[in-house]
Amino acid sequence: MNSSTTNQIAAPTEPNQQSVRARILIEEANAANASRGSSSADSTYQREWKKFKTFVEEKRDENILPPGPCYLTRDSVDLYFATVVAKLKVHPKTARRIRPALQFYADHEEHTRRERFVIENRTVEQALKSQVSSYKEGKKNEFIDPHTKIPIMMISPEEHQAFFDYVYKNNIQHWQSLVTSWNIGCNAYIRMSTFLKFPLHHLRLDKNHGPVKQGSQSRVLCYILTPFIRKEGNKIYSRIRVSGCYRHKTYYQCATGSLAMALFTKLRRDTALCFNQKDVNGVPTWFHRLMFNDWADSKTANTAYKRILDAVGISWGRVVHLRIHGIEYGSTEGLCDEDVASISKHNEDGKLGKVYMTELRPIAMKVMAGFSKDETYFVPRTLVNLPWTDDECCRFLFPQIDTWREQSASINGDDSEAARNFLFHVLPFLAHVAVQDGIYYIRDYPNHEISIYLRDAMPPNYERWAKDARHEIQEIERSHLENFGGFQSHTKIHQAFTNVETKLMEIEVKQNKMVSMQEEMSKLLEGALNYRANTGGAVGQHSIIGNNPSQPSHYPQLWWNQGGSHVAASTGGIPFPSRQGNLMQARTQQMRTITSVLRNTPRVPVFPNQLPDSVERLLLEHEVIHKLREYDNMKMSGWPQKVKQAFGRRKYLYNAVKKRAEKMRQGDFEQRKVRAAKEMDLERERLGGLSVYKYILYLKGQK
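Residues numbered from 1 in each chain as written. Predicted model: local features only at pLDDT ≥ 70, side-chain atom pairs only at ≥ 80, totals over all residues. Heavy atoms only, no water.

Student: Mind showing me how you'd approach the side chain of Ser-76 here?
Tutor: Following the sequence through the fold, Ser-76 ends up in helix H4 (residues 74-83). The class for Ser-76 is buried, based on a relative accessible area of 1%. Separated by 2.9 Å, the side chain of Ser-76 and the backbone nitrogen of Thr-73 make a polar contact. (Helix = DSSP H or I, 4+ residues; strand = E, 2+ residues; numbered from the N terminus. Buried < 20%, exposed > 50% of the residue type's maximum accessible area, 1.4 Å probe, protein only. Polar contact = N/O pair within 3.5 Å; in protein donor to acceptor, adjacent residues only side chain to side chain.)

See the structure below:
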């Protein structure tokens, strides 16, 4: 590169040299760390390398740069940054990535056997500074519509329907990825980058966090978010997170229903999925199977979304970032920060949020299913009884299910919890959902792939049954609407009584705590609180202090005994000074006695008498909510009998959790205690669903 070109780029001022050098060292260290882990460049580096090589070839054709074996030379790099990079209209952070990209190819391709070629110099740094100034100046003169990408944007119900109508009625390619990513993003706040990497074996059916406690509606489909699948930002998360959705009250907005239809049509004739093969590392091959592989990256997904959004006239500048809509919708419906964060997974701080609190909050999942906070969860299509069992539906929609189960049960098969849950719980549940939601798909989108496959897979009477089921749902909805006001009032009244019952329980415990204190205080203060009723002289062998009737008495009633000293009535025999002594000394002695009684009154814990419904919940209450751990080594003498018994049961089970946690290896002790509690809950289920109280009796019987 000639000197005139170089001189056009002024050197940076001396005070900035240290900060510039520090930034360069950081970038070089990052590049070195990346090179140790992998010698392959990402798509951004590849794109920038291709642009640079094209530039060099053009300049060589114009005889501006000399030919040579390497693209990366001092002249070529300086010319590229001075004439191209300095004028780029992209964000400065994007432009700055060009430097480490070229450094990567210098280290791994062109200068591997000679002295290291360093991209950075004054020309390069000044070109990047010029690019920042040029970018800022361009932004000042750029017209920006202030109504785009504002932080209060949401997708309306009409726009939701327009999106799905367009996809289903026009048989859009890759509809499975479109509708599923749309609904999972809106309802479960899962990012597109996570969706594209989500494997099949991370699906899980949970039976403990549903909208009801028992029956088919107690089940929730969960998405397990492991490290390096979900976005990490500047932190490295080592914990597994879980997200999930209730079934939405609008069938085409239901994330579970969309996934059921998508997997049904994807896996119906799939012969590649296998449960008895492992890779060279011993990992089951089906663990590498992604839920969907229609899009290579977020950019491809963005293009597919943009085409549909433009076609239906939806102004959504975020394109694939549907979780922004979900968070805005949830917060608009009154969800608090903690509820929203339980879905978005932003609540990483604090032991309570990290270890104990559920990640499937009922109130949050209910709101994201289309209901208000105060509204009762009511999805009538989930109440329709099917004429087929879940296993029968599974065989209709997933014909390979028996083969997959046989493969899993074979000698070389995958007998992991993931395989069992997927084959025996997830797929039957998804088949159940597909059959229920399918009654609307075959009516509203009869020519779509979903309807065609459903009519082909299900028995011949399915369409007739679907029509009857829709009529049944109308009757259920009509009955619900007729009783809606009373039902809602009953729910609120029930909640109010529950709150009152809780408060009364707390008051009862506090009253029990005060009983012994009140008894002692009443003995001490009985005489002190009664004013002198008789101001006459001596009465028999006693006389009253202060016998002037014209003087109002402001002192406790004191009696003179035969021994010549004063004794307060009903004070347990506390001696007072002589008649001529200072009465303040007597009152001080009384207060000391009262203080001593209060100090010796035992602390009584406040907690519900009833045991919680799980061992994990008991652990949370014992350590965090009621802080009962503070009373573990405290004597229970003076406690009410009911409190002693209730605390004893909780303490016994808490100690059992700690003993089991001590035998575990992985994780710190807090995490092991949580795992131990979860294991004990699973043990309860295997024992026939024992209650926590009966489980305590079971543990005591084993000793």
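Student: What is the right way to read the nonpolar core from this model?
Tutor: Side chains that are nonpolar tend, in soluble globular proteins, to be buried together. By size, the foremost hydrophobic cluster in this structure holds 86 residues, and its most contacted members are Leu-203, Tyr-223, Met-291, Leu-397, Phe-422 and Trp-465. Sorting elements by how many residues they give to this core places helix H19 (residues 417-444) first, with 15 residues. Filtering out sequence-adjacent residues up to four positions away, Met-291 remains in contact with Ile-184, Phe-195, Phe-198, Pro-199, Leu-200, Leu-203, Leu-259 and Leu-263. In this structure, Tyr-45, Leu-79, Ile-119 and Leu-128 belong to the second largest nonpolar core, which totals 25 residues. (Core = buried A, V, L, I, M, F, W, Y, C linked by side-chain atoms within 4.5 Å. Contact = heavy atoms within 4.5 Å.)

Student: Explain the pattern of salt bridges here, please?
Tutor: Note on pairing: side chains with opposite charge can pair once their charged atoms come close. The full count for this structure, using the stated rule, is 30 salt bridges. Note that Lys-306 and Asp-310 form a salt bridge whose closest N and O atoms lie 3.3 Å from each other. Note that Lys-306 and Asp-310 are positioned in helix H12 (residues 298-312) at a spacing of four residues, about one turn of the helix. For Glu-670, the salt bridge goes to Lys-673, with nearest N and O atoms at 3.5 Å. Of the two residues, Glu-670 and Lys-673 both sit in helix H26 (residues 669-686), three residues apart, roughly one turn of that helix. The exposure class assigned to Glu-670 is partly exposed, which follows from its relative accessible area of 22%. By relative accessible area, Lys-673 is classed as buried at 1%. (Salt bridge = Lys/Arg side-chain N within 4 Å of Asp/Glu carboxyl O.)

Student: Would you mind showing me how to read the sheet that holds strand E1 (residues 203-206) here?
Tutor: Strand pairing within a sheet occurs via backbone hydrogen bonds; the two strands may be parallel or antiparallel. Ordered by their spatial adjacency, three strands build an open sheet running E1-E2-E3, and the pairing between neighbours is antiparallel. Only two strands of the sheet have a single neighbouring strand rather than two, namely E1 and strand E3 (241-245). Sheet twist, expressed as the average angle between the axes of neighbouring strands with direction ignored, equals 35°. Bridging between strand E2 (residues 220-225) and E3 involves five bridges; their strand directions are antiparallel. Bridging from a neighbouring strand, Leu-225 pairs with Arg-241 of E3. (Pairing = 2+ DSSP bridges. Axes fitted to C-alpha atoms, helices over the stretch in contact; angles between N-to-C directions.)

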